[in-house]
Amino acid sequence: MAAQCGDDGELKREFYTPFGGAEQDNGLKCLDGSTATEPITQTLILRAMKRIQLPRPKMIVQPPGGRTLVNFDTLFRTEAEPIHRTIGLLGRRVELVITPSSFTWHHGDGTTQTSTSPGLKYQPSIPMDSYISHQYVDAHVTVQPSVDVDYSARYRVDRGPWLTVTGTVTMPGNGVDLRIVEGRPTLVDN
């Protein structure tokens, strides 16, 4: 869909260069004084998503306390909720529903895994294969596991139909220190 002016309007792109700055695109303008209607494209929506302050994912590790055992299922999770935003774009109202769609788990030992789940908090009634987990094979090291979240979105312009954004925005998470220790069996007197 191309931008349009009124019946007799001529469409021109307007640029502005602030003193000492880089040239900026002010958008399309009609020479007859009417307002140009420039289409909202997938590229513009994706750029707008990148400017929105998306939450940086926080890695939650179980067992807690910054230590886990070698050859033991260490559980990972993060908190991720959909985000609703309304922004102005080219003078139009754009509603966005931004949803965490994929999680890349960096274990800190050079391995990764990807899921569509943010992980679960441990509960005895849930089978182990339902969790995001990893077993470390080297003891006496400290690793920094982290999670990156890919956000996808739906949008609508001026209360029009909902459309799906092509592409995602990745938000990297910060690593947390996790010490891998070795358990030693100890006999106790009963």
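Summarised in this report is the structure supplied together with it. (Residues numbered from 1 in each chain as written. Predicted model: local features only at pLDDT ≥ 70, side-chain atom pairs only at ≥ 80, totals over all residues. Heavy atoms only, no water.)

1. Remarks on the overall build of the chain
Link 1 in the chain: Scanning the chain from N- to C-terminus turns up one helix and 14 strands.
Link 2 in the chain: Buried positions account for 34% of the 190 residues belonging to the chain.
Link 3 in the chain: Of the contacts made within the chain by residues no fewer than 6 positions apart, 64% connect residues no fewer than 24 positions apart.
Link 4 in the chain: Counting only carbon and sulfur atoms, one obtains 49% of the accessible surface of the chain, whose full area is about 12100 Å². (Helix = DSSP H or I, 4+ residues; strand = E, 2+ residues; numbered from the N terminus. Buried < 20%, exposed > 50% of the residue type's maximum accessible area, 1.4 Å probe, protein only. Contact = heavy atoms within 4.5 Å. Areas by Shrake-Rupley, 256 points an atom, 1.4 Å probe, with all protein chains shown as cover.)

2. Quick notes on the sheet that holds strand S4 (residues 67–69)
Hydrogen bonds between backbone groups are what pair the strands of a sheet, and the pairing can be parallel or antiparallel.
Link 1 in the chain: Spatial strand order, S4-S14-S10: three strands in an open sheet with mixed pairing. Both outer strands of the open sheet, S4 and strand S10 (141–143), are each paired with one neighbouring strand and no more. Averaged over all pairs of adjacent strands, the angle between their axes in this sheet comes to 30 degrees, without regard to strand direction.
Link 2 in the chain: Across three bridges, S4 lies against strand S14 (residues 178–181) in parallel orientation. Bridging across to S14, Leu 69 finds its partner in Val 181. (Pairing = 2+ DSSP bridges. Axes fitted to C-alpha atoms, helices over the stretch in contact; angles between N-to-C directions.)

3. Describing the sheet that holds strand S9 (residues 132–135)
Link 1 in the chain: Spatially, the three strands line up as an open sheet ordered S3-S5-S9, and their pairing is antiparallel. The sheet is open, and its two edges are formed by strand S3 (60–62) and S9, each paired on a single side. For this sheet, the mean angle separating the axes of adjacent strands, direction not counted, is 30 degrees.
Link 2 in the chain: Relative to S9, strand S5 (residues 73–77) is paired through four bridges, and the arrangement is antiparallel.

4. What about the nonpolar core?
Link 1 in the chain: Counting residues in hydrophobic clusters, the biggest one holds 32 residues, and the most contacted among them are Ile 45, Leu 54 and Ile 98.
Link 2 in the chain: Elements with a minimum of two residues in this core: helix H1 (42–51), strand S6 (83–89), strand S7 (92–106), strand S11 (146–157), strand S13 (169–171) and S14.
Link 3 in the chain: For this core, the element with the most residues is S11, which contributes six residues.
Link 4 in the chain: Here Ile 98 is in contact with Met 49, Ile 52, Leu 54, Glu 81, Pro 82, Ile 83, Tyr 151, Ser 152 and Ala 153, once residues within four sequence places are set aside. (Core = buried A, V, L, I, M, F, W, Y, C linked by side-chain atoms within 4.5 Å.)

5. Overview of H1
Link 1 in the chain: Of the residues making up H1, those classed as buried are Leu 44, Ile 45, Leu 46, Ala 48 and Met 49.
Link 2 in the chain: On its buried face, H1 sits against S6, S7, S11 and S13.

6. Describing the environment of Ile 126
Link 1 in the chain: Along the chain, Ile 126 turns up in the loop between strand S8 (112–115) and S9.
Link 2 in the chain: Look past the residues within four positions of Ile 126 in its chain and what remains in contact with it is Leu 120 and Tyr 131.

7. Here's the deal with the side chain of Ser 115
Link 1 in the chain: Inspection of the secondary structure assignment puts Ser 115 in strand S8.
Link 2 in the chain: A polar side-chain atom of Ser 115 sits 2.7 Å from the main-chain carbonyl oxygen of Ser 117.
Link 3 in the chain: With near-sequence residues (within four places) excluded, Ser 115 lies in contact with Ser 102, Phe 103, Trp 105 and Ile 132. (Polar contact = N/O pair within 3.5 Å; in protein donor to acceptor, adjacent residues only side chain to side chain.)

8. A few points about the packing of aromatic side chains
The geometry of two aromatic rings is summed up by the distance between their centres and the angle between their planes.
Link 1 in the chain: Inspection of the entire model under this criterion finds two aromatic pairs.
Link 2 in the chain: Geometrically, the ring pair formed by Phe 103 and Trp 105 is stacked, given 6.1 Å between the ring centres and 25 degrees between the ring planes. Each member of the pair, Phe 103 as well as Trp 105, carries the same accessibility label: buried.
Link 3 in the chain: Taking the ring centre of Trp 162 as reference, the NZ or CZ of Arg 154 above it sits at 4.7 Å. (Phe/Tyr/Trp six-rings, centres within 6.5 Å; stacked < 30°, edge-to-face > 60°. Lys NZ or Arg CZ within 6 Å of the ring centre and 35° of its normal.)

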